[in-house]
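Now for the letters of each chain:
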Amino acid sequence: WEFNGSFYQPSAFLMMGIPGLEALHPWISIPFCALYLTALLGNCVILFIIRRTPSLHEPMYYFLSMLAVTDLGLALCTLPTTLGLFWFDVRRIGFDACLTQMYFIHILSFIESSVLLAMAFDRFVAISHPLRHPAILTKSTVMKIGLAIVLRGMVSLLPIPFLLKRLTYCGRTELSHSFCFHPDIMNLACADIKVNVFYGMIVLLSTVGMDFIFIVLSYILIIRTVISLTTKEECLKALNTCVSHICAVLVFFIPMIGLSMIHRFGKNVPPLVNTLVAYTYLTIPPALNPVIYSIKSTHIREALLRALCRKRG
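Quick notes on the rules
Residues numbered from 1 in each chain as written. Predicted model: local features only at pLDDT ≥ 70, side-chain atom pairs only at ≥ 80, totals over all residues. Heavy atoms only, no water. Helix = DSSP H or I, 4+ residues; strand = E, 2+ residues; numbered from the N terminus. Rg over C-alpha atoms; globule rule 2.2 N^0.38 Å. Buried < 20%, exposed > 50% of the residue type's maximum accessible area, 1.4 Å probe, protein only. Contact = heavy atoms within 4.5 Å. Areas by Shrake-Rupley, 256 points an atom, 1.4 Å probe, with all protein chains shown as cover. Lys, Arg positive; Asp, Glu negative; His and termini not counted. Charge placed at Lys NZ, Arg CZ, Asp CG, Glu CD. Polar contact = N/O pair within 3.5 Å; in protein donor to acceptor, adjacent residues only side chain to side chain. Core = buried A, V, L, I, M, F, W, Y, C linked by side-chain atoms within 4.5 Å. Axes fitted to C-alpha atoms, helices over the stretch in contact; angles between N-to-C directions. Parallel < 35°, antiparallel > 145°, perpendicular 65-115°, else oblique. Left-handed = near helix turned anticlockwise from the far one by under 90°. Nonpolar A, V, L, I, M, F, W, Y, C, P; charged D, E, K, R; others polar. UniProt positions renumbered as here; feature names shortened; annotations may be inferred.

Engineer: Before we move on, could you go through the overall build of the protein chain and cite the residues and values that matter?
Structural biologist: Scanning the protein chain for helices and strands turns up 12 helices and 4 strands. In terms of C-alpha radius of gyration, the protein chain reaches 21 Å, essentially the compact-globule figure of 20 Å for 313 residues. Dimensions of the protein chain, computed from C-alpha atoms along their principal axes, come out at roughly 70 × 45 × 35 Å. Out of the 313 residues in the protein chain, the part that is buried amounts to 48%. The long-range fraction of contacts in the protein chain, counting pairs at least 24 apart against all pairs at least 6 apart in sequence, stands at 80%. For the protein chain, the accessible area works out to roughly 15900 Å², and carbon and sulfur atoms hold 71% of it. Both charge centroids of the protein chain, one from 24 positive and one from 15 negative side chains, sit 7 Å from each other.

Engineer: If you had to explain the side chain of Thr81 to someone new, which residues and values would you point to?
Structural biologist: Note on placement: Thr81 falls in helix α2 (residues 59-88). Judged by relative accessible area, which is 15%, Thr81 ranks as buried. Side-chain polar atoms of Thr81 contact the backbone oxygen of Thr78, separated by 3.3 Å. If we skip the residues at most four places from it in the chain, Thr81 touches Met15, Ile93, Gln101, Ser178 and Phe179.

Engineer: Break down the nonpolar core for me, with residues and values.
Structural biologist: One finds Phe13, Leu64, Leu116, Leu164, Tyr169, Leu175 and Ile185 to be the most contacted residues of the largest nonpolar core, which totals 84 residues. If you tally residues by element for this core, the top one is helix α3 (residues 95-128), at 18 residues. If near-sequence neighbours (up to four positions away) are discounted, Leu164 is found in contact with Phe95, Leu99, Met102, Tyr169, His182, Ile185, Met186 and Asn196.

Engineer: Tell me what's going on with the packing of α3 against helix α8 (residues 194-227), and back it up with residues and numbers.
Structural biologist: Look at α3 against α8: their axes get within 9 Å of each other, and the N-to-C directions meet at 20 degrees. Classified by the interaxial angle, the pair formed by α3 and α8 is roughly parallel. For the element pair α3 and α8, the recorded crossing hand is left-handed. Considering only residue class, the contact of α3 with α8 consists of 16 nonpolar, 6 polar and 2 charged.

Engineer: Break down the UniProt feature "transmembrane region" (unreviewed entry) in the protein chain for me, with residues and values.
Structural biologist: UniProt annotation of "transmembrane region" (unreviewed entry) refers to residues 24-50, 62-88, 100-121, 142-164, 197-222 and 242-262 when read in the numbering used here. The span residues 62-88 is 100% helix and 0% strand, and its two end C-alpha atoms sit 39 Å from each other.

Here you go:
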C-alpha cells in the first residue's frame, strides 16, 4: 500500500477467475484458448482477404476491417491476464497496469459500438439510396468516419483513469474478473464515487446508448424501404445483406447491456452470473464476428476459397 496522509492507494489488485471453480481453471482454459485462437486467426484472415481482394475495397468491407482490428485489440487486451490466471494462477496486477488495461478495454468496446453504427448507416444508404451510395461513402469519408470513431472513444474515456486515481482505496482489492473494469475498480473505493458513477453513466448513454438507438432507427428505415420493394426476391436479397450485421449487433449489445445492468443494479446477482456475462461480452464477439461474416458474406467466402485454392495450387 502507498500512504500519503489520509490518501491510500493499493499497489496492485488481485484478479479473480470463475468463483467456485478455481480447481478447474486449467480445464476451463481450454475453451478460452479456443475462443482466443478463433478471434486472432479469424480476424487476421478477414483483414488479409479484404486487403488482397480488390473487389472488396468498398465501404462495407472497410468498416468490416475496422471491426476486425477492434476485435483483435479486445482479444489481445484480455488474453494475457485471463490465460495467465487460468494457466499459472497469476492473480496480481499493478494498479497503473490495471487502469491502462481498463482504459483500452473500454475504448475498444466503444469503438466497436461506433463501427457497428457506421456499418448500419452503410447498409441504410446501400439499400435506400443505392445510386448515391458511392458518392456518399467515398474512401475519404470512410477514413474520416474511422478517425472520428477513434477520437470519440479516446476523448470521452480519458477522464476515467484520473477519476479512479483520485479515489482512496481500502480493505478489499479483489476484482470480480481476470481483467479490469471501471465499475469493478470503482466499487473497491472507500470514498465518494458519485462523480465516477455519474460520469460513467453519461459517457455510456451518450456513446453506446446513442449508437444502439441509431442502429435500431437505421433498421426501421431499412425495413420501410424493403417493404416498398415490388418483388419478394428483391426484399429477401436486400435483407440478406444485413443478416451478418444484425448478428454482430446482437452478439455485442446483448451481453454488454446485461453486464451494465448487473454492475449498476444487480447487487444480489450471484458472482458466477456476473463473471459469465463479463466473459461472454469480451470473448464471444471477437471470436464469432469473423465466423459470422465468413459464413453469411458470399464475397468474403468466395475470396477465402480462392485464396485457399491458390495455396493448394
